[in-house]
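Listed below are the residues making up each chain.
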Amino acid sequence: MKSTRRTRSWLVVLFVVCTCAFVRGTHAQSADPTDEPGTAGEPYPHMPSIAPIGVRTGKYLDVPAASRGPVIDPAKGYRLQDLGGGLYMITDNAVQSMFLVYDRGVVVVDAPPSVAAHLPAAIAEVTNKPITHIIYSHSHADHIGGTKTLGGHPIILAHQETLRLLKRAGDPNRPLPTITFAGKYTLRVGNQVLELSYHGNAHEPGNIFIYAPAQRVLMVVDVVFPGWMPWRRFALAQDIPGYFAQVEEIRKMDWDTLVGGHVARTGTHADVDTQAEFMSDLKQAAKTALGTTQLGVGLSESDRANPWAIFDNYIDRVAGQCVNVLTPKWSHRLGGFDVYIWDQCYAMEQSLRIE
Ligand SMILES: [Zn+2]
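Residues numbered from 1 in each chain as written. Predicted model: local features only at pLDDT ≥ 70, side-chain atom pairs only at ≥ 80, totals over all residues. Heavy atoms only, no water.

A. Looking closely at the nonpolar core. Ranked by size, the top nonpolar core spans 47 residues in total, and within it Phe 234, Tyr 243, Ile 250, Phe 278, Leu 326 and Ile 341 carry the most contacts. Contributing elements (two or more residues each) for this core: strand 10 (208-212), helix 7 (232-236), helix 8 (240-252), helix 9 (269-292), helix 10 (307-330) and helix 11 (337-354). Ignoring anything within four residues of it in the chain, the contact list for Phe 234 reads Ile 240, Tyr 243, Phe 244, Met 279, Leu 282, Gln 344, Ala 347 and Met 348. Ranked by size, the runner-up nonpolar core spans 22 residues in total, among them Met 98, Tyr 102, Val 189 and Leu 194. (Core = buried A, V, L, I, M, F, W, Y, C linked by side-chain atoms within 4.5 Å. Buried < 20%, exposed > 50% of the residue type's maximum accessible area, 1.4 Å probe, protein only. Helix = DSSP H or I, 4+ residues; strand = E, 2+ residues; numbered from the N terminus. Contact = heavy atoms within 4.5 Å.)

B. The pairing of strand 2 (residues 87-91), seen in detail. The element strand 2 is largely enclosed, with a buried count of five among its five residues. Every second residue of strand 2 is oriented toward a common face, with Leu 87, Met 89 and Thr 91 on one face and Tyr 88 and Ile 90 on the other, all of them buried. One ladder, built from five bridges, connects strand 1 (residues 79-84) with strand 2; its direction is antiparallel. Each residue of the ladder has a partner; that of Asp 82, found in strand 2, is Tyr 88. Counting the residues between successive antiparallel strands, the hairpin from strand 1 to strand 2 contains two residues, one of them, Gly 85, with a positive phi of roughly 60°. (Pairing = 2+ DSSP bridges.)

C. Examining the pattern of salt bridges more closely. This model, assessed by the stated rule, comprises 17 salt bridges. As a salt-bridge pair, Lys 76 and Glu 125 come within 3.0 Å of each other at their nearest N and O atoms. One end of the pair, Lys 76, is in the loop between helix 2 (65-68) and strand 1; the other, Glu 125, is in the loop between helix 4 (119-124) and strand 5 (131-135), and 49 residues separate them in sequence. The partner of Arg 333 in a salt bridge is Glu 277, and the shortest N-O contact between them spans 3.9 Å. On the criterion of sequence distance, the pair formed by Arg 333 in the loop between helix 10 and helix 11 and Glu 277 in helix 9 is long-range, its members being 56 residues apart. Salt bridges sharing common partners tie together Glu 248, Arg 251, Lys 252 and Asp 273. (Salt bridge = Lys/Arg side-chain N within 4 Å of Asp/Glu carboxyl O.)

D. Representation of the coordination of the zinc ion in the model. Looking at the zinc ion, the protein donor atoms are His 138 (NE2), His 140 (ND1), His 203 (NE2) and Asp 222 (OD), and they sit 2.1 to 2.2 Å from it. One can describe the site at the zinc ion as irregular: its four donor atoms subtend angles covering 88 to 171° at the metal. Between consecutive donors of the zinc ion, the numbers of intervening residues give the motif H-x1-H-x62-H-x18-D. With His 140 in the loop between strand 5 and helix 5 (141-144) and His 203 in the loop between strand 9 (192-198) and strand 10, this pair connects stretches of sequence that are 63 residues apart. In this structure His 140 comes out as partly exposed when scored by relative accessible area, which is 24%. (Donors = N, O, S within 2.8 Å, 3.2 Å for Na, K, Ca; no water. Tetrahedral: all angles 85-135°; square planar, octahedral: opposite > 155°, others 65-115°.)

E. How the structure looks around the sheet that holds strand 3 (residues 96-102). Across the sheet, which stays open at both edges, the seven strands sit in the order 1-2-3-4-5-6-7 with mixed pairing between neighbours. The open sheet has two free edges, formed respectively by strand 1 and strand 7 (179-181), since each of these has just one partner strand. Adjacent strand axes in the sheet meet at a mean angle of 20° when their direction is disregarded. Bridge count for strand 5 against strand 6 (residues 155-159) is three bridges, and the pairing is parallel. Each bridged residue has a counterpart across the sheet, and for Ile 134 the counterpart in strand 6 is Ile 156. Contacting strand 6 and strand 7, helix 6 (residues 160-169) crosses the sheet at an angle of about 105° to strand 6. (Axes fitted to C-alpha atoms, helices over the stretch in contact; angles between N-to-C directions.)

F. Quick peek at the layout of surface pockets. The volume enclosed by the largest pocket comes to roughly 1500 Å³. Along the walls of the largest pocket sit 41 residues, with Ala 40, Gly 41, Glu 42, Tyr 44 and Asn 313 positioned nearest its centre. Residue assignment for the lining of the largest pocket shows that the elements contributing at least two residues are helix 10 and helix 11. The greatest single-element share of the lining of the largest pocket, amounting to eight residues, is contributed by helix 10. Split into classes, the residues belonging to the lining of the largest pocket amount to 19 nonpolar, 14 polar and eight charged. (1 Å grid on protein atoms, 1.4 Å probe; cavity = no way out; pocket = protein on both sides within 12 Å on 5 of 7 lines; lining within 4 Å. Points joined across faces, edges and corners; volume = space filled by probe spheres on them. Nonpolar A, V, L, I, M, F, W, Y, C, P; charged D, E, K, R; others polar.)

G. Local environment of the packing of aromatic side chains. Evaluated as defined, the whole model comprises eight aromatic pairs. When the ring of Phe 181 is compared with that of Tyr 185, the centres are 6.0 Å apart and the planes differ by 35°; the resulting orientation is tilted. Look at Phe 181 and you get buried, because its relative accessible area is 6%. The partly exposed category is assigned to Tyr 185, whose relative accessible area is 25%. An aromatic cluster of three or more residues is present, and its members are Phe 234, Tyr 243 and Phe 244. (Phe/Tyr/Trp six-rings, centres within 6.5 Å; stacked < 30°, edge-to-face > 60°.)

H. Quick look at the state of the cysteines. Under the criterion given, the structure shown has one disulfide. Covalently, Cys 322 is tied to Cys 345 through a disulfide, its sulfur atoms 2.0 Å apart. Here the S-S torsion is close to -75°, and the disulfide linking Cys 322 with Cys 345 is therefore left-handed. Of the two residues, Cys 322 is situated in helix 10 and Cys 345 in helix 11; the sequence distance between them amounts to 23 residues. Just as Cys 322 is buried, Cys 345 falls in that class too. (Disulfide = S-S within 2.5 Å.)

This is the structure:
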């Protein structure tokens, strides 16, 4: 009896402690002017339901069926797609590379670390010829960091800017190119042809277009994401106006199949049109938000001498309006819309303000 009463009184104490902690936690999220400086305040008015950057998302939006692409055999860990005329695309559902078979060997275009592990098996499905050439689309490790694991001494082709960036990186997993070019380079091997060309900076300097004229396949990496929202901040484009121009260039070119370097499937002209339409809507939404949002609204009086704070508050509200405008039309059309829409709105408003 005595011990039951003691247990009950402990439960009461525990309840009071927990309740107080809960109330304190709720209080820390509110806009009380007594809040500790630097803590999160009350959300902005008209805050989008999509979680902003840095806030945990309980359940992301479902990926539309058209974005998912064909399934991968888990026993193999990759999917090989015949693009015709001895050209193949290989993907693990997240990254893609390509290889071209000719009479005496194989030309590999990009060796992403995760895919490179499967490349020997994938190539062995169609030929026993050796890898004689590797083409680098650009310098990034997620696309060429598996090169070393392929072994041998292949000829490595890349843009001269890629050579510069790889010298700077000094990464033993990304051997330096042995042949470089500035504008255009045509690789002829046996009766196969690949046309390499440079269209200026967008994703990063040195990122090239790889076109297979006989197969009518265009490979441009990290620019178009068939069925998907581009990776954050226009796939980290180093030149956002250049990125917009390059999507338009890809849209107008004559090809049948696009290999984009990421996601599960190849792309069509309809995919590029969709991405261009999304980007146009995004640009318009950010432009309107920049023009209709007022500086300093809701800012604490004591922060008015802090220009960083004034702009943080302004840009947050611009990005929030941009997210709200785009959500109804695009949230169920593009895979990963909710994952990166805040990033795209922040990147767009910045580009429009200063570039
Ligand atoms: Zn990249």
